[in-house]
Amino acid sequence: MATKSTYKNLIIISVSFFFLYAAYLPLQNIQSSLHKDPALGFGSLAAIYASGILSCCFLPNVLIAMFKLKTLLIGSIFSFPLYVLANFLPRWSTILPASILLGLSGAVMWTCQSIYITQIATSYAVTMKFPKDSLVSKFFSIFYFFFQFSQIVGNGVSSGVLTDVKSDKLTAKFLTSAGTFNVQNITCGAKYCPSGVAITNAETLHINIIYKLMSILLGFTLIGIIIAFFMDPLPEETKINQTPQLKLCFSTIKNLKDPMILLLVPITIFNGMEQGFVYGEYTKAFVACSLGINMIGYSMICFGSAACFVSMFIGFIVKWSGTYALMIFGMFAHLSLMTWFLVWDTQAYPSHIFYIGAMCCGVTSSIWMSQTNAIYGIYFSNKQGAAFSIFRLFQSSGFTIAFVYGNILCVSTKIYILMVFLVVSIAMYSIVEFKYQKNHFKDVKVVKQEYDEKDMVAIL
């Protein structure tokens, strides 16, 4: 691909996902507080990621073999406006089917997105004779810049609409079977324990406010779909080879036998768990509990802003330091952040500290999101469909785990689990990196030897 064409397609897919997730992310952030039945929001999120796990095992490879990548990508993103439409009339009968459909199609969509970006980056690297690894990482960093920027715009719109309600009606309520508790009776931060307590604000939101917000978010999803039509299809030679559908159906599971993939499973699960912690625990136990539900959007704007800023420079940092050094830095940064959350007395600090905490989460999340994608694209360039399906499978598993124990464990316990899981994940990823670099060095040495032999023959 030519330079202009390559970057045009990268920007188009990035902007399309920007609008889709400018609608979905703020809706995800307030889902557990939006409905009168708190279980409906939690059930919606659990259904999305649980159905995503099922989809990753069977659907992507089969559908990619049947349809062109662009066609499949556009078809899968139609589930986003359907999910927003379901929130106009939030019932189990509307939300649950829309959530399952979004989870099933989302796994296919993200697999297509990862393959598309890896392919255009690889093609561009070959054409321009650039190092493939750093260019793939750079392209994913650019994509995730737009993805994280959707946090800023989407949550800005959400907060702007929700603050139309009188401020005295935006106080969080803590409900249990025993009745309503005042915010002062609840311990926030790392010491927060669910114990049957649910934070809700649905009773204070007028139906017109909800309709106004959903209408804007629906418009975002439709714009994202329209923009996706302007993507160029991949050249035919990059299309995945046709194989019998039964084999394709189980090819994702079959590839789990690969030791390299198995060693990357923990870091992939962690990727989902840490995002689930931010969306489910930081927004609820820290921000909503201490400041009020209407401040969730503003904190997530800070999260998105920091993630955008870091994503702008990750590609350049990787070119200088390499992916492994950045991942090690991310581990120490994340462990330091979790340690701060454990000792943070939320009642002793002003509100701007909560926004700083969200920004720190954005810095670490941007590293995990961009680099884990890049790792799969670099290590498994010969079986991208199966590799990215496995990535989505275990990332969705991480989300599901985070949401399942979300209403069971105390926040401090979840933080300890994340810290231990991160250390184990990086240790196992280090083994993969060592094996890859060792094999890569051998390949380079063989190629250099072949060139030297050709040069010697030419001289003779």
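Preceding block: the structure.
Residues numbered from 1 in each chain as written. Predicted model: local features only at pLDDT ≥ 70, side-chain atom pairs only at ≥ 80, totals over all residues. Heavy atoms only, no water.

1. Observations concerning the overall build of the protein
Scanning the protein from N- to C-terminus turns up 15 helices and three strands. Looking at the protein residue by residue over its 460 residues, the buried ones come to 56%. Of all intrachain contacts in the protein linking residues separated by at least 6 positions in sequence, the fraction that spans at least 24 positions is 87%. A total accessible area of about 19,300 Å² is found for the protein, and carbon and sulfur atoms account for 69% of it. (Helix = DSSP H or I, 4+ residues; strand = E, 2+ residues; numbered from the N terminus. Buried < 20%, exposed > 50% of the residue type's maximum accessible area, 1.4 Å probe, protein only. Contact = heavy atoms within 4.5 Å. Areas by Shrake-Rupley, 256 points an atom, 1.4 Å probe, with all protein chains shown as cover.)

2. Structural notes on the packing of helix α13 (residues 352–379) against helix α14 (residues 384–404)
Axis separation between α13 and α14 bottoms out at 9 Å; the angle between their running directions is 150°. Between α13 and α14, the crossing angle belongs to the class labelled roughly antiparallel. The handedness of the crossing between α13 and α14 is right-handed. Residues Thr 372, Asn 373, Tyr 376 and Gly 377 of α13 touch α14, and the partners they reach there are Ala 387, Phe 388 and Phe 391. For the contact of α13 with α14, the class distribution of residues is four nonpolar, three polar and no charged. (Axes fitted to C-alpha atoms, helices over the stretch in contact; angles between N-to-C directions. Parallel < 35°, antiparallel > 145°, perpendicular 65-115°, else oblique. Left-handed = near helix turned anticlockwise from the far one by under 90°. Nonpolar A, V, L, I, M, F, W, Y, C, P; charged D, E, K, R; others polar.)

3. With respect to the state of the cysteines
Under the criterion given, the structure shown has two disulfides. In this model Cys 193 forms its disulfide with Cys 410; the gap between the sulfur atoms is 1.8 Å. In this structure the cystine formed by Cys 193 and Cys 410 twists about its S-S bond by roughly 110°; its chirality is therefore right-handed. In this pair, Cys 193 is assigned in the loop between β2 (179–181) and β3 (198–200) and Cys 410 in the loop between α14 and α15 (411–459), connecting sequence segments 217 residues apart. A residue is classified by how much of its surface remains accessible, and Cys 410, at 23% relative accessible area, is partly exposed. Sequence-ordered numbering of the bonded cysteines in the protein gives a pairing of 1-3, 2-4. (Disulfide = S-S within 2.5 Å.)

4. Observations regarding α14
Across its 21 residues, α14 extends 30 Å between first and last C-alpha, which sits within 8% of the 30 Å expected from 1.5 Å per residue. Burial analysis of α14 places 19 of its 21 residues in the buried class, the great majority of the element. (Expected span 1.5 Å × (residues − 1).)

5. Focus on helix α10 (residues 259–291)
Here α10 spans 46 Å end to end across 33 residues, near enough to the 48 Å set by a 1.5 Å rise per residue. Most pronounced at Thr 283, the bend in α10 amounts to some 45°. In terms of residue burial, α10 counts as a mostly covered element, since 29 of its 33 residues are buried. Here α10 starts with a cap whose side-chain oxygen sits 2.9 Å from the backbone nitrogen of Met 260, and that cap is Asp 258. (Bend = angle between axes of the 7 residues up to and from the residue. Polar contact = N/O pair within 3.5 Å; in protein donor to acceptor, adjacent residues only side chain to side chain.)

6. Describing the pattern of salt bridges
As a working rule, side chains carrying opposite charge can pair if their charged atoms are close by. The full count for this structure, using the stated rule, is two salt bridges. In this structure, Asp 232 and Lys 8 form a salt bridge, with 2.9 Å as the shortest nitrogen-oxygen distance. Here Lys 8 lies in helix α1 (residues 3–34) and Asp 232 lies in the loop between α7 (207–228) and α8 (245–249), a separation of 224 residues in the sequence. Look at Lys 8 and you get partly exposed, because its relative accessible area is 36%. Among the salt bridges present, the one from Lys 414 reaches Glu 281, with a minimum N-O distance of 2.9 Å. (Salt bridge = Lys/Arg side-chain N within 4 Å of Asp/Glu carboxyl O.)

7. Some points on the environment of Ala 50
Locating Ala 50 in the fold gives a position in helix α2 (residues 38–66). Judged by its relative accessible area of 37%, Ala 50 is partly exposed.

8. Quick look at the nonpolar core
Judged by nonpolar contacts, the single largest core of 137 residues is most densely connected at Tyr 21, Tyr 24, Leu 264, Phe 286, Phe 341, Trp 368 and Tyr 379. It is α10 that contributes the most residues to this core, 18 residues altogether. Excluding residues within four positions of it along the chain, Tyr 379 makes contact with Leu 264, Tyr 429, Val 432, Glu 433 and Tyr 436. (Core = buried A, V, L, I, M, F, W, Y, C linked by side-chain atoms within 4.5 Å.)

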